[in-house]
Amino acid sequence: SETALVRPVAIMVENEPPARPQSGLYAAKVLFEIQAEEVTRFMAVYYDYSQNFEIGPIRSARHYFVDISTMFDAAYVHVGGSPMGLAEIKERNVNNINAIKGDRGFYRTSDRRIPHNLYAKLPNLKKEMERKKYRTETAKPIPFDFSESKLTSAQMLEKGVAGTAVKVVHIPYSRGYRVGYEFDPSANNFTRLYNDRPFKDYRSSTVVKADNVVIMRCNMHMIDEQMRHEMDLYEGGTCEIFVGGHHISGTWDRDRASGVFKYYDAGLNDVKFNPGNIIVHVVAPNQPVIVDDQTFASEKKKAVKKSKKGKNSKKSAQEEEDGGEDYGQ
């Protein structure tokens with residue numbers, strides 16, 4: 001298509017305990033959650049710049065998030081980054097808005113301590129894109145296949161879509177961080193849960209909902225003492241996909257030219273998502289996914305060496321990669 005579309009922004013949002021609850025995640029068109037050191041981190045993709053809500057806390061770049069952002073042709077919003085993250089931005093010439101470099105559109109709040117208090121709003125980020133002479137339009141549509149209407153599990157079964165109805169999904173990342181999704185039949189979407197409670201916005205208390213959830217298994221491993229991760233986002237693998245209240249066990253792969261993820265059901269048919277938003281989890285193959293009372297996990301497992309560095313050492317490394325003195329105590 002020759003039609004010019006709104007170019008999105010992809011914003012890094014942290015997920016360490018002092019950053020919870022976050023702001024603005026409920027409004028992301030696509031939300032990625034992937035491992036970053038000992039916790040996960042979010043990348044939230046937005047298309048509607050007319051909304052003036054708060055987004056954050058904003059944190060640093062990771063190279064695999066930068067890579068994923070290119071499939072949206074997004075302007076990448078962050079504050080500093082890991083060495084590999086900053087190298088990925090430079091090597092691929094990714095348009096980015098970086099608080100460490102003095103780019104505009106950011107502000108700090110007084111109700112949280114540095115580095116957990118950096119936020120932005122979409123209208124201001126659009127102004128910064130214009131000031132930096134970045135394109136604000138793109139020829140790339142959102143890289144997911146959508147149905148024309150929002151279907152229920154029963155309707156998908158009638159259409160021959162493989163799968164089963166689902167009520168509750170759990171991703172037990174760790175004892176103190178359990179992600180879940182509870183299906184709401186009246187809205188035909190999922191309520192996101194954090195430690196079995198609705199995942200609410202910091203400012204508005206809006207509950208994060210998901211019309212679609214994807215849980216992709218990907219080989220990953222730690223690569224240094226700072227517990228940074230490497231992962232192969234092109235090799236393909238298995239996945240659990242939830243479209244409304246319908247569970248599809250399938251596979252994924254990725255087109256190297258466009259960088260777009262492709263999702264297939266057990267019969268290798270393209271998965272069509274319900275209109276609305278999508279939350280994508282990228283997890284290790286041995287990460288259990290509990291669907292109602294059944295556990296799904298790949299048998300492929302990799303040993304990972306744990307760092308012997310103490311908490312203070314890890315914190316210093318995090319502050320260094322996020323920009324050093326800007327994140328001082």
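Scoring rules and cut-offs
- Residues numbered from 1 in each chain as written.
- Predicted model: local features only at pLDDT ≥ 70, side-chain atom pairs only at ≥ 80, totals over all residues.
- Heavy atoms only, no water.
- Helix = DSSP H or I, 4+ residues; strand = E, 2+ residues; numbered from the N terminus.
- Buried < 20%, exposed > 50% of the residue type's maximum accessible area, 1.4 Å probe, protein only.
- Contact = heavy atoms within 4.5 Å.
- Areas by Shrake-Rupley, 256 points an atom, 1.4 Å probe, with all protein chains shown as cover.
- Salt bridge = Lys/Arg side-chain N within 4 Å of Asp/Glu carboxyl O.
- Core = buried A, V, L, I, M, F, W, Y, C linked by side-chain atoms within 4.5 Å.
- Pairing = 2+ DSSP bridges.

**Remarks on the overall build of the protein**
(1) Moving on: From N to C terminus, the protein includes five helices and 25 strands.
(2) Moving on: For the protein, with 329 residues in total, the buried portion stands at 52%.
(3) Moving on: At a minimum sequence separation of 6, the contacts of the protein that also span at least 24 residues come to 64%.
(4) Moving on: Counting every atom, the protein has about 15,100 Å² of accessible surface; 49% of that belongs to carbon and sulfur.

**Overview of unusual backbone geometry**
(1) Moving on: A cis geometry characterises the amide bond from Arg 20 onward to Pro 21, with omega recorded as -10 degrees.
(2) Moving on: Take Pro 21: it is sitting in the loop between strand S2 (9-13) and strand S3 (30-36).
(3) Moving on: The peptide bond linking Gly 56 to Pro 57 adopts the cis configuration, its omega dihedral lying at 0 degrees.
(4) Moving on: If you trace the backbone, Pro 57 turns up in the loop between strand S5 (54-55) and helix H1 (63-69).
(5) Moving on: You will see that Asp 73, though not glycine, has its phi angle at about 55 degrees, which is positive.
(6) Moving on: Looking at where Asp 73 falls in the secondary structure, it is placed in the loop between H1 and strand S6 (75-78).
(7) Moving on: Judged by its relative accessible area of 17%, Asp 73 falls in the buried class.

**Considering the pattern of salt bridges**
(1) Moving on: Scanning all chains against the criterion turns up 16 salt bridges.
(2) Moving on: For Glu 14, the salt bridge goes to Arg 59, with nearest N and O atoms at 2.9 Å. With a gap of 45 residues between them, Glu 14 in the loop between S2 and S3 and Arg 59 in the loop between S5 and H1 connect regions that are remote in the sequence. For the residue pair Glu 14 and Arg 59, the accessibility class agrees, reading buried in each case.
(3) Moving on: Among the salt bridges present, the one from Arg 135 reaches Asp 73, with a minimum N-O distance of 2.9 Å. A residue pair is termed long-range when its members are at least 10 positions apart, and Arg 135 in the loop between helix H3 (122-131) and strand S10 (137-138) and Asp 73 in the loop between H1 and S6 qualify at 62 residues.
(4) Moving on: A network of salt bridges, in which partner residues are shared, links Asp 67, Glu 88, Arg 92 and Arg 254.

**Details of the nonpolar core**
(1) Moving on: Ranked by size, the top nonpolar core spans 43 residues in total, and within it Val 9, Ile 11, Leu 25, Tyr 46, Leu 122 and Tyr 181 carry the most contacts.
(2) Moving on: Setting aside its immediate chain neighbours within four residues, Leu 122 contacts Val 9, Ile 11, Tyr 46, Asp 48, Tyr 49, Gln 51, Phe 53 and Ile 55.
(3) Moving on: One finds Ala 36, Tyr 47, Tyr 64 and Phe 273 within the second-largest nonpolar core, a separate group that totals 42 residues.

**Considerations on the pairing of strand S4 (residues 39-46)**
(1) Moving on: By the criterion of burial, S4 is predominantly enclosed, with seven of the eight residues buried.
(2) Moving on: Summarising the sheet, S2 and S4 pair through five bridges and their orientation is antiparallel. Across the sheet, the residue bridging to Ala 10 is Val 45, located in S4.
(3) Moving on: Relative to S4, S3 is paired through seven bridges, and the arrangement is antiparallel. Bridge pairing in S4 links Gln 35 to Thr 40.

**Quick notes on the sheet that holds strand S8 (residues 106-108)**
Within a sheet, each strand pairs with its neighbour through backbone hydrogen bonds, oriented either parallel or antiparallel.
(1) Moving on: Read across the sheet, three strands follow the order S5-S9-S8 without closing on themselves; strand pairing throughout is antiparallel. With one partner strand each, in any of the chains shown, S5 and S8 form the two edges of the open sheet.
(2) Moving on: Summarising the sheet, S8 and strand S9 (residues 118-121) pair through three bridges and their orientation is antiparallel. Looking at the pairing, Phe 106 lines up with Ala 120 of S9.

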